[in-house]
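Structural characterization, general
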Amino acid sequence: MLLIRPPGVYPPQGDTELLISCLRRERLDGGCWVLDLGTGTGAVALAAARTGARVTAVDLSARAVLAAWANTRLRRRHVELHRGDLTGPVQDRRFDLVTANPPYVPTEGSGRPRGPALAWDAGPDGRLVLDRICREAPRLLDAGGVLLLVQSSLAGVPQTLAALRDAGLRAAVVARRRQAFGPVMTARAGLFERLGLIGAGVREEELVVVRGVR
């Protein structure tokens, strides 16, 4: 899918593709409400909109919201867009499906990421945003609603499963894909080795999609 992507907006990559492949397995139609958190270019929101579902998308980046707006208009798909911090703009609503491709790359230091790094930097353990989603997203699910969350195995998949189960969801890994490190992960490989997240010389990760059901 060709998408408009201004500088600083996260480009659709392997994690995007894996998340969309899982979204396509869900039973969606015009009676379903979908929320896409951290929409970026709007790729996942567009995939949901093609099913006829009513889609809302949120991103913290003004550039990302603009890119998603342009991409949805070019494809003549209606997506309700909000600039905001994760679930903030939609806290009083409920959805049948929530999707999320959050930042999950471990980084040195505990300061808040800035600029383009907002799309991938996620604190020393990679869970700065993942933990928030695990706390906040289950509250937005209607009865029988589904959360689809993609992340790297370097950011603690067992922690994600445990947090979602603690929030009352039935959670399991439903898709996996191994892929070579991209530029950001390659630049952090030395850090990952020091943290014990990868072995010496390893330059690949496993992406997983976790599915939680209320």
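In case you missed it, the structure is sitting above this.
In this report, the structure presented in the accompanying data block is examined. (Residues numbered from 1 in each chain as written. Predicted model: local features only at pLDDT ≥ 70, side-chain atom pairs only at ≥ 80, totals over all residues. Heavy atoms only, no water.)

1. Observations concerning the packing of aromatic side chains
The relation between two aromatic rings is expressed through the spacing of the ring centres and the mutual angle of the planes. In plain terms, the rule: Two aromatic rings from Phe, Tyr or Trp, using only the six-membered ring of Trp, form a pair when their centres are within 6.5 Å; if the ring planes differ by under 30 degrees the pair is stacked, by over 60 it is edge-to-face, and anything between is tilted. Helix numbering and strand numbering both begin at the N terminus, where a helix is a DSSP run of H or I of at least 4 residues and a strand a DSSP run of E of at least 2. Buried, partly exposed and exposed residues are distinguished by accessible area as a fraction of the type maximum, computed with a 1.4 Å probe on protein chains only: under 20%, between the cut-offs, and over 50%, respectively.
Tallying each qualifying case throughout the model produces one aromatic pair. Note on F181 and F192: the rings are 6.0 Å apart at their centroids and 80 degrees apart in plane angle, and the pair reads as edge-to-face. On the criterion of sequence distance, the pair formed by F181 in the loop between β6 (170-180) and α6 (183-187) and F192 in helix α7 (residues 189-195) is long-range, its members being eleven residues apart. Of the two residues examined, F181 and F192, each falls in the buried class.

2. Here's the deal with the sheet that holds strand β4 (residues 95-100)
To keep it simple, the criterion reads: DSSP-based pairing: two strands are paired if at least 2 bridges between them are found. Every angle, taken between N-to-C directions, lies between 0 and 180 degrees, and every axis is a line fitted to C-alpha atoms, over only the stretch in contact when it is a helix. In what follows, a contact means two residues having at least one pair of non-hydrogen atoms within 4.5 Å.
In space, the seven strands of this open sheet follow the order β3-β2-β1-β4-β5-β7-β6, with mixed pairing throughout. Lying at the two open borders of the sheet, with one neighbouring strand each, are β3 (79-83) and β6. Going from strand to strand, the sheet's axes swing by 15 degrees on average, the running direction of each strand aside. As judged from the four bridges shared by strand β1 (residues 33-37) and β4, these two strands associate in the parallel manner. Note that in β4 the partner of L35 across the bridge is V98. Sheet strands touched by helix α1 (residues 14-23): β4, β5 (141-152), β6 and β7 (204-213). Its angle to β6, the strand with the most contacts, is close to 140 degrees. Seen against the sheet, helix α5 (residues 157-166) touches β5, β6 and β7 and runs at an angle of roughly 160 degrees to β6.

3. A word on α1
One turn of the α-helix equals 3.6 residues, which is why residues spaced by three or four share an orientation. Counting buried residues in α1 gives eight out of ten residues, a clear majority hidden from the surface. If you follow the buried residues of α1, they end up packed against α2 (43-49), β4, β5, β6 and β7.

4. A short note on the pattern of salt bridges
Our working rule: A pair is scored as a salt bridge if a Lys or Arg side-chain nitrogen falls within 4 Å of a carboxyl oxygen belonging to Asp or Glu.
Across all of its chains, the model carries eleven salt bridges by this definition. Note that E136 and R132 form a salt bridge whose closest N and O atoms lie 3.1 Å from each other. In this pair, E136 and R132 are both assigned in helix α4 (residues 130-136), four residues apart and thus about one turn of the helix distant. On the basis of relative accessible area, E136 is assigned to the buried category, the value being 13%.

5. Remarks on the side chain of T16
Within the fold, T16 resides in helix α1. Since its relative accessible area comes to 7%, T16 is described here as buried. Those residues in contact with T16 that lie beyond four places of it in its chain are Y10, P11, A43, V44 and N101.

That's the geometry; what it means functionally is another story.
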